[in-house]
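# Understanding the architecture of this molecule
If you want the building blocks of each chain, they are given just below.
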Amino acid sequence: MIMKNLISWTCAAALLLLLAGCGKMVILQAGLNDGDANEIVLVLNRKGMEVEKQKSKEGVTLLVKDQDLSRATEAMNVAGLPRRTLSNLGEVFKKQGMISTPMEERIRYIHGLSEELENTLLQFDHVVSARVHVVLPERIAPGEPIQPSSAAVFVKYHPPLDEDAVTPRIRRLVASSIPGLSGDDGRNKVSVVMMPGEPPPAGIEWTTVGPFIVAVSSAGGLMFTLLAMTALVVAALAYTGMRAAMRNPRVAQWVMQLTMRWAAQRTASREKAATKAAARTAAAAQSLMATMHKEASSAPGNSTPEASKP
């Protein structure tokens, strides 16, 4: 009765653990391209989270377990993912109508130029995001002087990054890409703001143990617990099977014969070992007695003196 209850409790605990390891999959991001989706999967897998990818006409959809949604969102925010989709000059200048006004052409050109510069700045190591605001030469009103070109650059990065070495390069790159900003005077009209991002919090390293996602420090304990429960279930099943088999007279007789044969072999081996031990003891005793007799015969007190010659 006790064994049956133990088996029931063990099976119930194993079922609860399996249910706890399974979770409902929810949508994390949708409409992604393959590059952004792969970056997100890489970051989340390093955090011990399982990610499922689904492709459709609208793009790639990423799904995570319901309990991992908040951690996945936090990890993506820290990594600056997904990256903002940027338009190139060809997409910006694609005309939708038959005729475009000069103002539309100018806005598209400024927007496309900014997007191209932002895309280039993102190629720097450790840069998370970048924004470029361009002002081209323009006459505000007739008779007014022409407003010179200028640019403002914002760069967010993850340390380590040497601002003193990178800032002049960014200023020179932007000044060389915008009309009217060439030379030292033009570079002075480019303002660059470098903003270090917050370091990622010291999160817990996660790993996967079977269907469970646990902290690395707890993986050993969980593995030992699972092995112990498995061994307990196997032992309980073996005991139950043995009890059921013993109710069969033939099986019981076969088990009894095996037991008696094993006991007889053990007894015979013990008797053989005892006989060998007794023989070795007797041999050692005889050798000792012979040695003692020899020593006693060769002692000075027992030697016979020679008779004196007349």
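The structure this text deals with has already been given above.
Note that this is a predicted model, so its numbers are computed, not measured. (Residues numbered from 1 in each chain as written. Predicted model: local features only at pLDDT ≥ 70, side-chain atom pairs only at ≥ 80, totals over all residues. Heavy atoms only, no water.)

## Thoughts on the pattern of salt bridges
As a reminder, the rule being used: Think of a salt bridge as a Lys or Arg side-chain nitrogen and an Asp or Glu carboxyl oxygen that are within 4 Å of each other. Secondary structure is summarised from DSSP: a helix means a run of H or I of at least four residues, a strand means a run of E of at least two, and numbering begins at the N terminus for each. Between buried and exposed lies partly exposed: a residue is buried under 20% and exposed over 50% of the maximum accessible area for its type, with that area taken using a 1.4 Å probe on protein chains only.
Tallied over the full model, the rule gives five salt bridges. With a closest N to O distance of 3.8 Å, K65 and E50 form a salt bridge. Remark: E50 occurs in the loop between α2 (34-46) and β2 (51-56) and K65 occurs in strand β3 (residues 59-65); sequence separation between them is 15 residues. Among the residues examined, E50 registers a relative accessible area of 45% and is labelled partly exposed. The partner of R187 in a salt bridge is D184, with the nearest N and O atoms 2.3 Å apart. Of this pair, R187 and D184 both sit in helix α7 (residues 183-188), three residues apart, which is roughly one turn of that helix. Using a relative accessible area of 52% as the deciding quantity, one classes D184 as exposed.

## A closer look at the sheet that holds β3
Condition: Between any two strands, at least two bridges found by DSSP are needed for them to pair. Each axis is a line fitted through C-alpha atoms, and for a helix only the stretch in contact is used; angles between axes span 0 to 180 degrees, taken between their N-to-C directions.
Taken together, the three strands give an open sheet; going across it, the order is β1-β3-β2, and neighbouring strands pair in antiparallel fashion. The open sheet has two edge strands with one neighbour each: β1 (25-32) and β2. Averaged over neighbouring strand pairs, the angle between their axes works out to 25 degrees when direction is ignored. Note: β1 against β3, five bridges, orientation antiparallel. Across the sheet, M25 pairs through a bridge with K65, a residue of β3.

## Examining unusual backbone geometry
P82 follows L81 through a cis peptide bond whose omega is -5 degrees. In this model, P159 is joined to P160 through a cis peptide bond whose omega is 5 degrees. Looking at where P160 falls in the secondary structure, it is placed in the loop between β7 (150-157) and α6 (163-177). Even without being glycine, H126 reaches a positive phi, approximately 75 degrees.

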